There are 2 protein chains.
Amino acid sequence: MSTQNETTALKTSKELFVKMVVSNWELQNQRLNGWLAKLSDERLLEPVAEGKNRAVYLLGHLVAVNDGMIALLGLGERLYPELDEPFVKNPDRSFDEIPTVAELKEKWTNLNAVLTDYFAGLDAEEWFTKHNAISDEDFAREPHRNKLNILINRTNHEAYHLGQLIF
Amino acid sequence: MSTQNETTALKTSKELFVKMVVSNWELQNQRLNGWLAKLSDERLLEPVAEGKNRAVYLLGHLVAVNDGMIALLGLGERLYPELDEPFVKNPDRSFDEIPTVAELKEKWTNLNAVLTDYFAGLDAEEWFTKHNAISDEDFAREPHRNKLNILINRTNHEAYHLGQLIF
């Protein structure tokens, strides 16, 4: 195989892998969107099971954690850093005032559109570079802890809470 | 870059992808094992939340579905095909007789050891070949639907039910 073909094979291979990871993230989003479309805002204010988190808390949590990817992947400024306090750093019902279900649904939809745009603009090669929460030294030793790995991790995180929401 | 170096770069790259996916699968297994270690067998016979599946059903479900990867990835004969009937094809409490919690825990541990061995013996290149539930024609059009994609998908599936178990 010529060097030209080999370079193309490497690029194609990385693009394929990025597609696998991004499409699995999209699949989780689709499942969550399908579930959101079926339930009233009132239902989202109830606990997902007796004594458990409210669905609205889990939705806010997913918006906040996925929004965190924008900073972690060096894509730009986070959209909703103010959601960390009520939905990540503190448990459900810590605050009397939280965004409404309608507001959170809008943020969720907007965030996914913004992330989709960012991801589409990332070259496959960039996905394999280090993210912003790992040192140069650690990354040299553990190159699998790259940007794409963050998306794999956040997709599993979303699946985890989706399992609770769908309960 | 010489052709030799390029070939090495492609191989290294694919090995890195495989490591990313396998290590995320292992992470979910570790989390599930940590949770299993903390709970009594009696507790696993209770529903994970009021009116929901019993933990024992979710454990049997995960053993059966992950065991299915052995056939799907062409690795060998499935270990526990008999678990499909009570834990995949039918809802919880369809059968009076199901394996005990101790038996399911043992199967879970054994399955993960067997899968880990199979995965260690798979060349990175093989992970990017088609699995046994997709036609040659579909795979030619959609090469991202390969063996590694099955493991990404099953890892998300495990995270989904882990979210319910940990409830």
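Reading guide: rules and limits
- Residues numbered from 1 in each chain as written.
- Chains lettered and ligands numbered in written order.
- Predicted model: local features only at pLDDT ≥ 70, side-chain atom pairs only at ≥ 80, totals over all residues.
- Heavy atoms only, no water.
- Helix = DSSP H or I, 4+ residues; strand = E, 2+ residues; numbered from the N terminus.
- Contact = heavy atoms within 4.5 Å.
- Areas by Shrake-Rupley, 256 points an atom, 1.4 Å probe, with all protein chains shown as cover.
- Lys, Arg positive; Asp, Glu negative; His and termini not counted.
- Charge placed at Lys NZ, Arg CZ, Asp CG, Glu CD.
- Expected span 1.5 Å × (residues − 1).
- Buried area = accessible area lost by both parts, 1.4 Å probe.
- Salt bridge = Lys/Arg side-chain N within 4 Å of Asp/Glu carboxyl O.
- Polar contact = N/O pair within 3.5 Å; in protein donor to acceptor, adjacent residues only side chain to side chain.
- Phe/Tyr/Trp six-rings, centres within 6.5 Å; stacked < 30°, edge-to-face > 60°.
- Lys NZ or Arg CZ within 6 Å of the ring centre and 35° of its normal.
- Buried < 20%, exposed > 50% of the residue type's maximum accessible area, 1.4 Å probe, protein only.
- Axes fitted to C-alpha atoms, helices over the stretch in contact; angles between N-to-C directions.
- Parallel < 35°, antiparallel > 145°, perpendicular 65-115°, else oblique.
- Left-handed = near helix turned anticlockwise from the far one by under 90°.
- Nonpolar A, V, L, I, M, F, W, Y, C, P; charged D, E, K, R; others polar.
- Least-squares fit on C-alpha atoms with pLDDT ≥ 70 in both.

If you look chain A up in an unreviewed UniProt entry, it shows as Putative damage-inducible protein DinB from Dyadobacter jiangsuensis.

K.L.:
Teacher, can you tell me more about the overall build of chain A here?
P.N.:
Each helix and strand counted, chain A has 8 helices and 0 strands in total. Each helix and strand of chain A, placed in order from N terminus to C terminus, yields the pattern α-α-α-α-α-α-α-α. Taking the intrachain contacts of chain A between residues at least 6 apart in sequence as the baseline, contacts between residues at least 24 apart amount to 68%. Carbon together with sulfur atoms contributes 50% to the accessible area of chain A, which is approximately 7900 Å² in total. Charge separation in chain A, taken as the distance between the mean sites of 18 positive and 26 negative side-chain charges, equals 5 Å.

K.L.:
Explanation requested: helix H3 (residues 55–72) of chain B in the structure shown.
P.N.:
An α-helix turns once every 3.6 residues. As a result, residues three or four positions apart point the same way. Along its 18 residues, H3 of chain B runs 26 Å from first to last C-alpha, staying within 8% of the 26 Å computed at 1.5 Å per residue. Of the residues trailing H3 of chain B, Gly 74 of chain B is marked for its positive phi of about 65°.

K.L.:
For this particular structure, what's the right way to read the interface of chain B and chain A?
P.N.:
Where the parts come together, the accessible area they lose is often given as the size of the interface. Facing 40 residues of chain B, the contacting portion of chain A comprises 40 residues. Between chain B and chain A, roughly 3500 Å² of surface is buried when both sides are summed, and carbon and sulfur atoms account for 65% of that area. Contact with chain A buries surface across chain B, with Met 20, Tyr 160 and Phe 167 of chain B losing the most and accounting together for 21% of the total. Taken together, chain B and chain A are joined by 0 salt bridges. For the pair chain B and chain A, the interface holds 4 residue pairs in polar contact (both at pLDDT 80 or more). Residue assignment for the side of chain B that touches chain A shows that the elements contributing at least two residues are helix H1 (3–38) and helix H8 (147–165) of chain B. A total of 17 residues in the side of chain B that touches chain A trace back to one element, the largest contributor, which is H1 of chain B.

K.L.:
I would appreciate a short explanation of the packing of aromatic side chains in the present structure.
P.N.:
For any two aromatic rings, the description comes down to two numbers: the centre-to-centre distance and the angle of the planes. The full count for this structure, using the stated rule, is 11 aromatic pairs over all chains. What links up through ring pairs into an aromatic cluster is the set Phe 17 and Phe 128 of chain A together with Phe 17 and Phe 128 of chain B. We note Lys 52 of chain B situated over the ring of Phe 167 of chain A; from NZ or CZ to the ring centre the distance is 5.4 Å.

K.L.:
Can you help me understand unusual backbone geometry in this one?
P.N.:
Apart from glycine, the bulk of residues carry a negative phi angle, and the bulk of peptide bonds sit in the trans form. Residue and element names in this part refer to chain A. The phi dihedral of Arg 93 is positive, around 70°, even though this residue is not glycine. Mapped onto the elements, Arg 93 comes out in the loop between helix H4 (84–89) and helix H5 (101–121). Since its relative accessible area comes to 49%, Arg 93 is described here as partly exposed.

K.L.:
How should the packing of helix H3 (residues 55–72) of chain A against H5 of chain A be read in this particular structure?
P.N.:
Each pair of packed helices can be summarised by the angle the axes make with each other and by the distance between the axes. Residue and element names in this part refer to chain A. Two numbers describe how H3 lies on H5: the axes approach to 10 Å, and their chain directions differ by 25°. Our classification of the angle between H3 and H5 gives roughly parallel. Crossing handedness for the pair H3 and H5: left-handed. Contacts from Val 56, Leu 59, Gly 60, Leu 62, Val 63, Asn 66, Asp 67, Met 69 and Ile 70 of H3 reach H5 at Val 101, Leu 104, Lys 105, Lys 107, Trp 108, Leu 111, Val 114, Leu 115, Tyr 118 and Phe 119. Split by residue class, the contact of H3 with H5 holds 14 nonpolar, 2 polar and 3 charged.

K.L.:
I tried to follow the side chain of Asn 146 of chain B on my own but got confused; where do I start?
P.N.:
Of note, Asn 146 of chain B is situated in the loop between helix H7 (136–141) and H8. Among the residues examined, Asn 146 of chain B registers a relative accessible area of 0% and is labelled buried. Discounting residues that sit within four places of it in the chain, Asn 146 of chain B has contacts with Leu 16 and Met 20 of chain A together with Trp 127, Phe 128, Thr 129, His 131 and Phe 139 of chain B.

K.L.:
Could you clarify how one ought to interpret the relation of the copies chain B and chain A in this entry?
P.N.:
A rotation about some axis, followed by a shift along it, carries one copy of the chain onto the other. In the superposition of chain B on chain A (RMSD 0.0 Å, axial shift 0.0 Å), the rotation amounts to 180°. Seen this way, the second copy is the image of the first under a two-fold rotation axis. In terms of C-alpha distance to the rotation axis, chain B has Tyr 160 of chain B as its closest residue, with the C-alpha 2.0 Å off the axis. Comparing interface residues between copies, 100% of those in chain B also lie at the interface in chain A; the contact surface is shared.

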